[in-house]
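Observations on the model geometry
What follows is each chain in one-letter form.
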Amino acid sequence: MKKANGNSIAMNILHLLYSTALASGLNAGALIVLASYLRSSNYGMFSVALAFAMIMAYFTDAGLSKIVLREGSKHKADVPVIMSSYIKMRLVLLGATFIVGFIIINLLHSEDAMLLKTSYFLIIPFVIGVSMQSISSTYFQLIEKMQFSGMIRIASSLLLVLSITIGMVFNWHPFIIYSAYGLSYLLSGLMGIFLVLKYTKIPIRCSFHKGLFNQLLSFTMTGLLFVILPQLGPIILEKTVSLAEVGLFAVAYRIPQALLQLPFIVAGAFYPVLFRYYNSNQIKDHESLNMIQMKAMGLVGMAMTVPLYYFAEPIIVLLFGAEWVSASNLLKIISIMLFLQGITIALADGLTTRARQTQRMIVQFVAVIGAVIFYWMLSQSFGLIGAAWACIVIEVIAFLGFWLVSPNRVSIGKTMIPFITILQGSLVLWDLVFNSLPILAAIVQYAIIVIYILLDKQMNQSIFIYLSNKGIVQKWKIRKSERLEDGL
């Protein structure tokens, strides 16, 4: 589970966890401070421009980063040539994204000169910076040294906070603040490229690696469907319930959606190793590691579900105020999505890393269609509670779809169905048994999680191998032997 000169999966997860937690906290704080500095109209324009910037940033990648991980993990892969080809394609996509993106923005907001100006000041440096960060992060993910991805992410957030703070102290014009926001990403992107060039030489003139075109459409469509799915709830509900109810749903949905970054971090550490196992024809190792990934991401998801499920009301009141308390029942239901989606993402990664991206794309397309149908039907029949349950139904559809198209569906079913039944069943059971004692219910549920980890042979073996590689087991045996000798 470790590549030559690369970190272990556990170490890469650790690097991604602390860097993402710190960066996310700094980014959120920066946006809150920025909202207090700008007038509501300026902040509204900034929010619209930032939404366009995020979408355009995705289209500069269009699924290429995962293809690079696939190609770079192959035996005797020429990583510098692959990276060179990747960068060239990213430059083409960047130019096309700017042309198409700004045409759309101008068509939609041709009469709002301030918004157009805001878009240019923010989007140009932001999208270029995010593209460079993505290139460097992909490289360090490929060589399994995620600490550098973490450094780039943290540097970006620190520069963001610093630029906004300086802007507020010197009372900068909003347009300069927007540029500074984008430039913080640009500077950290340049830092990322510099780190890449320290590790490897990227040839400018070399043959193009045509493997990057293999299944490109499938990867692009999968990424696009993944981006669309979380946005469907508010879009559909706006047609079936009142705007006030849409706001309640959005508040309840936003918390689990933000926490989903943690399962994605775990997935990012497994991705290159899964590709490497499959490309080396180590199918059994691939299946075993993917099973561990499903369990690990499911357990992380359940660990995050527990507080949201048992303490939904105080969490809503603490974060948003008492006027939003009606969203607590929705949060309780939607929180289950964290557990289910953790498993579903890992199952989908198993398909991608064994050349079944087309099947993954088809299942995600079915899930999107299902989302439209169930959001519409359940919200019309049962209101917001129906909409919350639609989130769970969509995850079940996705899980069943990925499971049915998996080549090792039998072993997955034997392992994961009991896993889901035990953890999800106990969550609901303790809620009924300790209805008036949520703290006790949470403690018991966390105990169930720990007991499962201790009793699961596959996870125990993985933990033992990791500790052995670190020399911890050997040190423990030596100390135990020394204590026995002292006792004698």
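The structure under discussion appears in the preceding block.
Nothing here was measured: the structure is a model prediction, and the numbers come from that model.

Rules used throughout
Within every chain, residues take consecutive numbers counted from 1 along the sequence as written. At least 70 in pLDDT is required for a residue's local features to be given in this predicted model, at least 80 for side-chain atom pairs to be given and counted, and no such filter applies to totals for whole chains, interfaces and linings, which use all residues. The basis for every side-chain value is the complete set of heavy atoms in the structure, and neither hydrogens nor water enter the calculation. Secondary structure elements follow DSSP: runs of H or I of four or more residues count as helices, runs of E of two or more count as strands, with numbering from the N terminus. With a 1.4 Å probe rolled over the protein chains alone, any residue whose accessible area is under 20% of its type maximum counts as buried; one over 50% counts as exposed, and the rest are partly exposed. It only takes one pair of heavy atoms within 4.5 Å for two residues to be counted as in contact. Per-residue accessibility takes into account occlusion by the displayed protein chains alone, with areas from the Shrake-Rupley method and a 1.4 Å probe. Any carboxyl oxygen of Asp or Glu within 4 Å of a side-chain nitrogen of Lys or Arg constitutes a salt bridge here. An axis is simply a line fitted to the C-alpha atoms; with a helix, the fit covers only the stretch in contact. Between two such axes, the angle follows the N-to-C directions and lies from 0 to 180 degrees. These descriptions rest on fixed angle ranges, namely under 35 degrees for roughly parallel, over 145 for roughly antiparallel, 65 to 115 for roughly perpendicular, and the rest for oblique. Should the near helix be turned counterclockwise from the far one by less than a right angle, the crossing is left-handed, whereas a clockwise turn marks it as right-handed. Amino acids outside the nonpolar list (Ala, Val, Leu, Ile, Met, Phe, Trp, Tyr, Cys, Pro) and the charged list (Asp, Glu, Lys, Arg) are all regarded as polar, and Gly is one of them. In this analysis, the expected span of each helix is defined as 1.5 Å times one less than the number of residues it contains. As used here, the arc belongs to the directions running from the helix axis to the C-beta atoms. For this analysis, a nonpolar core means a set of buried residues of the types Ala, Val, Leu, Ile, Met, Phe, Trp, Tyr and Cys, connected via side-chain atoms within 4.5 Å. Pairs of N or O atoms are called polar contacts if they sit within 3.5 Å, as long as, within protein, a hydrogen donor faces a hydrogen acceptor (for residues adjacent in sequence, only side-chain-to-side-chain pairs).

Right, let's get into the overall build of the protein. Across its full length, the protein carries 20 helices and zero strands. Out of the 488 residues belonging to the protein, those deemed buried represent 51%. Long-range contacts, defined as pairs at least 24 residues apart, comprise 81% of the intrachain contacts of the protein with a sequence gap of at least 6. Accessible area of the protein: about 22,900 Å², with a carbon and sulfur share of 70%.

Throughout the structure, instances matching the rule amount to seven salt bridges. In this structure, the salt-bridge partner of Arg354 is Glu287, at a minimum N-O distance of 3.4 Å. You can see Arg354 sitting in the loop between helix H15 (336–352) and helix H16 (357–405) and its partner Glu287 sitting in helix H12 (residues 283–310), a full 67 residues away along the chain. No difference in accessibility class separates Arg354 from Glu287, as the two residues are buried. Lys332 is paired through a salt bridge with Asp431; the nearest N and O atoms lie 2.9 Å apart. Here Lys332, found in helix H14 (residues 328–334), pairs with Asp431, found in helix H17 (residues 409–433); they are 99 residues apart in sequence, far enough to count as distant. Its relative accessible area of 24% is what places Lys332 among the partly exposed residues. Counted as one network, the salt bridges with shared partners bring together Arg70, Glu71 and Lys74.

Here the focus is the packing of helix H8 (residues 216–228) against H16. Contact pair H8 / H16: the axes reach a minimum separation of 9 Å and the direction vectors enclose 30°. Here H8 is positioned roughly parallel relative to H16, judged by the angle of their axes. The two elements H8 and H16 cross, and the hand of that crossing is left-handed. Counting all contacts with H8, which are made through Leu217, Ser218, Phe219, Met221, Thr222, Leu225 and Phe226, the residues of H16 involved are Gln357, Thr358, Arg360, Met361, Gln364, Phe365 and Val368. Residues that form the contact of H8 with H16 fall into these classes: eight nonpolar, five polar and one charged.

Take the packing of H15 against H16 next. At a minimum axis distance of 7 Å, the contact between H15 and H16 shows a crossing angle of 160°. The pairing of H15 with H16 is recorded here as roughly antiparallel in orientation. Considering only the axes of H15 and H16, their crossing is left-handed. Two secondary-structure elements touch here, H15 through Ile336, Met337, Leu340, Gln341, Ile343, Thr344, Leu347, Ala348, Asp349, Leu351 and Thr352 and H16 through Gln357, Arg360, Cys391, Ile392, Glu395, Val396, Ala398, Phe399, Phe402, Trp403 and Val405.

Taking 1.5 Å as the rise per residue, helix H18 (residues 438–455) with 18 residues should run 26 Å; its terminal C-alpha atoms sit 26 Å apart, in good agreement. All of the buried residues in H18 are Ala441, Ala442, Gln445, Ile449 and Tyr452. An end-on view of H18 places all buried positions within 100° of arc, on one side of the element. Turned more than 90 degrees from where H18 packs its buried face, Ile439, Ile443, Leu454 and Leu455 sit exposed.

With that settled, the discussion passes to the nonpolar core. If you look at the biggest cluster of nonpolar residues, it comprises 80 residues, and the most contacted ones within it are Phe249, Tyr310, Leu331, Ile334, Phe339, Tyr375 and Phe419. Per-element accounting of this core gives the leading share, 17 residues, to H16. Leu38, Ala49, Ile123 and Phe175 belong to the second largest nonpolar core, which has 25 residues in total.

With that out of the way, let us pick up unusual backbone geometry. One non-glycine residue, Asn171, adopts positive backbone phi at about 55°. Here Asn171 is to be found in the loop between helix H6 (146–169) and helix H7 (174–199). Unusually for a residue other than glycine, Asn281 sits at a positive phi of about 65°. On the secondary structure map, Asn281 appears in the loop between helix H11 (261–279) and H12. Overall, Asn281 belongs to the exposed group, its relative accessible area being 62%.

What follows covers H15. Across its 17 residues, H15 extends 25 Å between first and last C-alpha, which sits within 8% of the 24 Å expected from 1.5 Å per residue. Most of H15 is tucked away: 17 of the 17 residues are buried.

This paragraph deals with the side chain of Thr352. Relative to the elements of secondary structure, Thr352 occurs in helix H15. Using a relative accessible area of 1% as the deciding quantity, one classes Thr352 as buried. Side chain to side chain, Thr352 and Gln357 meet in a polar contact 2.6 Å long. If we skip the residues at most four places from it in the chain, Thr352 touches Phe219, Tyr271, Phe275, Gln357 and Arg360.

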